[in-house]
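Each chain, written out:
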2 protein chains.
Amino acid sequence: MSILVLGTVALDNVRTPYGARRKMLGGSAAHFSMAARLFTKVNLVAIVGKDFPQKNIDFLEAKGINLTALIREPSGKTFQWSGEYKGDLNTAITLNTELGVLSSFQPQVSDEQKEIEYLFLANVDPDIQRHLLSHMQSPKLVALDSMNYWINNKRKSLLGLLKEVHIYVANDQEARSLSGEHNLIKAAKRLRSFGPKMVLIKKGEHGVLFYSDKFIFSLPAYPADKVIDPTGAGDTFAGAFMGYLAKSKAINMLNIKKAITFGTIAASFNIEGFGLERTAKLTLKDLNKRVTEFKKCILL
Amino acid sequence: MSILVLGTVALDNVRTPYGARRKMLGGSAAHFSMAARLFTKVNLVAIVGKDFPQKNIDFLEAKGINLTALIREPSGKTFQWSGEYKGDLNTAITLNTELGVLSSFQPQVSDEQKEIEYLFLANVDPDIQRHLLSHMQSPKLVALDSMNYWINNKRKSLLGLLKEVHIYVANDQEARSLSGEHNLIKAAKRLRSFGPKMVLIKKGEHGVLFYSDKFIFSLPAYPADKVIDPTGAGDTFAGAFMGYLAKSKAINMLNIKKAITFGTIAASFNIEGFGLERTAKLTLKDLNKRVTEFKKCILL
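This one's a predicted model, so the numbers in the text were calculated from it and none came from an experiment. (Residues numbered from 1 in each chain as written. Chains lettered and ligands numbered in written order. Predicted model: local features only at pLDDT ≥ 70, side-chain atom pairs only at ≥ 80, totals over all residues.)

A. Quick peek at the overall build of chain A. Of regular secondary structure, chain A possesses ten helices and 13 strands. Expressed as lengths along the three principal axes of its C-alpha atoms, the size of chain A is roughly 55 × 40 × 35 Å. Here chain A holds 300 residues, and 51% of them are scored as buried. Considering only contacts in chain A between residues 6 or more positions apart, those separated by 24 or more positions represent 66%. (Helix = DSSP H or I, 4+ residues; strand = E, 2+ residues; numbered from the N terminus. Buried ≥ 20, exposed ≤ 12 C-beta atoms within 10 Å, placed from the backbone. Contact = placed C-beta atoms within 7 Å.)

The following block contains the structure:
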């Protein structure tokens, strides 16, 4: 089953204790795709500007990503994010955000793409997320990510949209902010009450917590000691998670647990290089090998 | 196999969003004992003052704790800790510490107690920890806990002592502070290089990380949504961990993983009530039942 991902394709300026990169290919949809492609066909819905290098287009296409719905808008500049990580690299400090063409983004998908059943709405304006969702014919699994900016500035819109998705994906800070609960289990329960049957809270170096009425699943992160650049780890997680579910088709407890495990391991590779450097080279064999290692570290 | 625990028996003044208690029985050795007693005979080594209520003595004895080495010093007051928790209850704010008789504490144990093979050196002055350790005849498993105060003020003494223990138990903040490493895996490796063959890093609501040359084990916390008072959770963890190992005798990978699981679950009960309120009533049956529930939340 193929996947449609709505999100950003960006040029990132990133600085970590291990170096810096300028105008590096990034964005939620790019990171998501680089992991999801290992499991299934990925259709990317995003917008870039006139400054977006052709080599990035070529790169994404070479990775098998369908770019039919990647708008190339000649009148503006590509979304740029500038950020820095210090100390334990667990929290990004945003230095600058230039929306560029993102501010006038209206996603357009083909009739064929409207029939895709697996949908990931990465962090963009909830109204844009809703717009795309309204055009989908028969979504089977819709996951939504957001961020504090929308939680604070478009709360009502976001809450409305949450009633229409199956999975709400958030980091711990966002989960606490939207739910108003400090305790993460309480936060997950509150978020569940907002609509989505499944809540997936990403805790960075502390792993992930999944909540549904049927079961709770808590998984630590892969014990990584090589952290170069965590940018996109959450979207990489989501890419492998959704990719695995789309490939396995049945959405049941076992597959959800496996999908979370693959997401965890995909994210552990993402942080080993700047941007997409590591995940671009990633294979399913790499993933499976590290899943086996990981199991030794977590299973009783 | 019985256990000897060196630590504090205190009168705690605690305030959390769920209420407050004054001069409540607490301290590292008391919390440790309340969990370890479920697995084995516990010998408590500590000091209290003239103000220490007889009812607390009676309570500990009724729980089967051997108090032969609990010094009752008539010339001073019992160690008092006053603290508060806010928000997510993950970090204690120390409001006041009155050492009282603790400042002149010289642990004394009987000849019989000197032969105990399982030893937990809870957080007190490293010189006191060393003094006790030097009197033990044939320690088989020695675990040591400390705190930032000693890391900052008696670093050399602490580092010397680490060469003589098997397990260093620390919270994430202490592990980072003593190792000088932000990344917890790197921190664990550095701490391992200081001497102890095993490093156990407690991460509060994020679970625990165990490191040894032979294996790494990472376990999330029990997904608790009832957090009343986290005071003593780390010592409760250590109590069940050491208790399980003392009972099972063989110190191998499987038993260490099981011991960490019991520690995690014991801690999850501790936080459900003020001080020892919940763990005083705890049974091995309660522990086993929740271990079974926990496994459903963590196993693939």
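After that view, the rundown keeps rolling.
B. Molecular detail of the relation of the copies chain B and chain A. Rotating chain B by 180° and moving it 0.0 Å along the rotation axis overlays it on chain A with an RMSD of 0.0 Å. The operation mapping one copy onto its partner corresponds to a two-fold rotation axis. Here 100% of the contact residues of chain B are again contact residues in chain A; the copies associate through an equivalent surface. (Least-squares fit on C-alpha atoms with pLDDT ≥ 70 in both.)

C. Expanded view of the sheet that holds strand β1 (residues 3-6) of chain A. All names here are of chain A. Strand order in this open sheet of nine strands is β5-β4-β1-β8-β9-β10-β11-β12-β13, and the pairing throughout is mixed. Two strands bound the open sheet, and with one partner strand each, they are β5 (70-73) and β13 (216-219). Each adjacent strand pair in this sheet contributes to an overall mean axis angle of 15°, direction not counted. Of the pairings in the sheet, the one linking strand β12 (residues 208-212) to β13 comprises four bridges and is antiparallel in character. Across the sheet, residue Tyr211 finds its bridge partner in β13, namely Ile216. Contacts between helix α1 (residues 28-36) and the sheet are confined to β1, β4 (42-49) and β8 (118-121), with β1 contributing the most and set at about 160° to the helix. (Pairing = 2+ DSSP bridges. Axes fitted to C-alpha atoms, helices over the stretch in contact; angles between N-to-C directions.)

D. Inspection of the pairing of strand β3 (residues 19-26) of chain A at higher detail. Residues and elements named next belong to chain A. The sheet contact formed by strand β2 (residues 10-16) and β3 spans six bridges and is antiparallel. By the bridge assignment for β3, Arg15 is matched with Ala20. Hairpin connection from β2 to β3: two residues lie between these consecutive antiparallel strands.

E. Structural view of the interface of chain B and chain A. In this assembly, 28 residues from chain B lie in contact with 28 residues from chain A. For the side of chain B that touches chain A, the secondary structure elements donating two or more residues are α8 (184-193), β13 (216-219), α10 (253-270) and α11 (284-298) of chain B. Here the side of chain B that touches chain A takes four residues from β13(B), the largest share from any one element.

F. Fine view of helix α6 (residues 172-179) of chain A. Residues and elements named next belong to chain A. Turning to α6, its buried residues are Glu174, Ala175, Arg176, Leu178 and Ser179. Each element contacted by the buried residues of α6 is listed here: α4 (148-153), β10 (167-171), α7 (184-193) and β11 (198-202). Downstream of α6 by a residue or two, Gly180 has a phi angle that is positive, lying close to 75°.

G. Spotlight on the sheet that holds strand β7 (residues 92-98) of chain A. Residue and element names in this part refer to chain A. Across the sheet, which stays open at both edges, the four strands sit in the order β3-β2-β6-β7 with mixed pairing between neighbours. If you trace the sheet from one side to the other, it starts and ends with β3 and β7, each paired once. Going across the sheet, the axis of each strand differs from the next one's by a mean of 15°, ignoring polarity.

H. Main features of the environment of B:Glu272. All names here are of chain B. Secondary-structure assignment places Glu272 in the loop between α10 and α11. For the pair Glu272 and Leu67, spaced 205 residues apart in the sequence, the C-alpha separation amounts to 26 Å. If sequence neighbours within four positions are ignored, Glu272 has contacts with Lys226, Ile228 and Arg278.

I. Inspection of α10(B) at higher detail. Between the first and last C-alpha of α10(B) there are 26 Å, a value that for 18 residues agrees with the 26 Å anticipated at 1.5 Å per step. A large share of α10(B) lies buried, amounting to 13 of its 18 residues. (Expected span 1.5 Å × (residues − 1).)

J. Highlighting the packing of helix α1 (residues 28-36) of chain B against helix α9 (residues 233-248) of chain B. Residues and elements named next belong to chain B. Viewed as axis vectors pointing N to C, α1 and α9 meet at an angle of 45°, and their least axial separation amounts to 7 Å. Of the possible angle classes, the one that applies to α1 and α9 is oblique. The two elements α1 and α9 meet at a crossing, and its hand is right-handed. Seen from α1, the contacting residues are Ser28, His31, Phe32, Ser33, Met34, Ala35 and Ala36; seen from α9, they are Asp235, Thr236, Ala238, Gly239, Ala240, Met242 and Gly243. Here the residues of the contact of α1 with α9 are counted per class, giving seven nonpolar, six polar and one charged. (Parallel < 35°, antiparallel > 145°, perpendicular 65-115°, else oblique. Left-handed = near helix turned anticlockwise from the far one by under 90°. Nonpolar A, V, L, I, M, F, W, Y, C, P; charged D, E, K, R; others polar.)

K. Molecular detail of the confidence of the model for chain A. Taken over all residues, the pLDDT of chain A has a mean of 96, while the share at 70 or more is 100%. This complex was scored by the predictor with a pTM of 0.93 and an ipTM of 0.88. (pLDDT = per-residue confidence, 0-100.)

L. Spotlight on the environment of B:Gly7. All names here are of chain B. Checked against the element boundaries, Gly7 lands in the loop between β1 (3-6) and β2 (10-16). Since 26 C-beta atoms lie within 10 Å of it, Gly7 is described here as buried. A sequence separation of 39 residues divides Gly7 from Ala46, and the C-alpha atoms of the two residues are 5.6 Å apart.

M. Representation of unusual backbone geometry. Backbone geometry places A:Lys23, a non-glycine residue, at a positive phi of 45°. Position of A:Lys23 among the secondary structure elements: in strand β3. A residue is classified by how many C-beta atoms lie within 10 Å of it, and A:Lys23, with 15 of them, is partly exposed. Phi is positive for B:Lys249, which is not a glycine, with a value near 70°. Here B:Lys249 lies in the loop between α9 and α10.

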